[in-house]
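Overview (structure and organization)
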Amino acid sequence: MKLTAYHRAKSLADARRLLKELGPTAMPLAGASSHSFVKNDDEKIGVDIADIGFEGVECKNGHFVVGANTRIADLQAFHAPGWVLDRVALRFVSQPLRNMTTIGGNISRVFPWNDFPVALLALNATMTISGEAKTSHLASVFFDGQPSRLFQPGDLLTEISVPEIGEGSGFGYHKESLVNMDFSHLTIAAWIRREGRTIRDARVAVGAGVPLPCRLSALEAELVGKKMRRGGHRRRRGSASGRCFLERGSRIQQ
Ligand SMILES: Cc1cc2nc3c(=O)[nH]c(=O)nc-3n(C[C@H](O)[C@H](O)[C@H](O)COP(=O)(O)OP(=O)(O)OC[C@H]3O[C@@H](n4cnc5c(N)ncnc54)[C@H](O)[C@@H]3O)c2cc1C
């Protein structure tokens, strides 16, 4: 992709004005790391949104509200009870890319290897787009196609609301790649709520092996009602995240 001109917006209103005035060749730039993945002959005018705010994480009524311009390194550094995106950030390529890229850029244009769309699907996050008005979309809608289909000219993703992992719930995240800094071959995220040892609710999402991340609804239905093995959340050698184990003999089909 070739950038033919560059503008640095001072505020959300300024970014929206520039994007609307410059028309369809204008595009928001967050960390600007994705340009190497876009066709060389595409000519674009960059509107840098790094100075418009929407950075950081706030806890509000059982949710974490994450600004779209928050860097992946800041998601990794943030810690609070019920917060799990630090574990996803830890698996994100490399420290230079964690310093440069934003969660908003990672989910506004989905590449198959992107980590956060998969995690946010399993966590049932809600994305807020700021346009003439604010519109919110559950992850299952937001990622049911390229999110750009939900944006009108000048619209920007501004916030991501992620439910806290509460009592009796758990989250696991796993990526298969040949070496640590490789693109993922298969990414999987799972959220489970249990009562005692019985799984009451489950969301399982996959990415990388498919063009867009998706939920595995048949697997989720199979999990509900199954008993977890005692001490069921374990760390295995070579695995970056804990895994939930089912009773021996449980059969899962997808
Ligand atoms: C070598 C390499 C390896 C990588 N490996 C991985 C990996 O394993 N896992 C992973 O998750 N990521 C990986 N990435 C990063 C990923 O593919 C994207 O490049 C990155 O997440 C984009 O984030 P950004 O902040 O740089 O956004 P940009 O590149 O600035 O923007 C990405 C897209 O989103 C749009 N956009 C950005 N912010 C907004 C907003 N607020 N509202 C509306 N639209 C917006 C832009 O216009 C653009 O279309 C890798 C990148 C590189 C270069």
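Above this text sits the structure in question.
Residues numbered from 1 in each chain as written. Predicted model: local features only at pLDDT ≥ 70, side-chain atom pairs only at ≥ 80, totals over all residues.

Looking now at the environment of Gln-146. Within the secondary structure, Gln-146 sits in the loop between α7 (139-142) and β8 (156-163). Residue Gln-146 is classed as partly exposed on the basis of its C-beta count, with 13 C-beta atoms lying within 10 Å. The sequence separation of Gln-146 and Ile-107 amounts to 39 residues, and the corresponding C-alpha distance is 9.2 Å. Apart from the residues lying within four places of it in its own chain, the contact partners of Gln-146 are Arg-109 and Val-110. (Helix = DSSP H or I, 4+ residues; strand = E, 2+ residues; numbered from the N terminus. Buried ≥ 20, exposed ≤ 12 C-beta atoms within 10 Å, placed from the backbone. Contact = placed C-beta atoms within 7 Å.)

Around the ligand, a shell composed of 29 residues is seen, among which Gly-31, Ser-33, Ser-34, Gly-105 and Asn-106 lie nearest. The dominant element in the shell around the ligand, judged by the number of residues it contributes, is helix α5 (residues 103-108), at four residues. A breakdown of the residues in the shell around the ligand according to their chemical character gives 15 nonpolar, twelve polar and two charged. Built from parts of two domains, the shell around the ligand gets at least three residues from each of domain 1 (2-48) and domain 2 (57-163). (Near = placed C-beta within 6 Å. Nonpolar A, V, L, I, M, F, W, Y, C, P; charged D, E, K, R; others polar. Domains from an automatic or database assignment.)

Glancing now at the nonpolar core. Among the nonpolar cores identified, the biggest contains 56 residues, and Ala-119, Leu-120, Ala-122 and Ala-189 are the most heavily contacted of them. The leading source of residues in this core is helix α6 (residues 115-122), at six residues. Excluding residues that lie within four positions of it along the chain, Ala-122 makes contacts with Phe-171, Ala-189, Ala-190, Trp-191, Arg-203, Val-204 and Ala-205. (Core = buried A, V, L, I, M, F, W, Y, C linked by C-beta atoms within 7 Å.)

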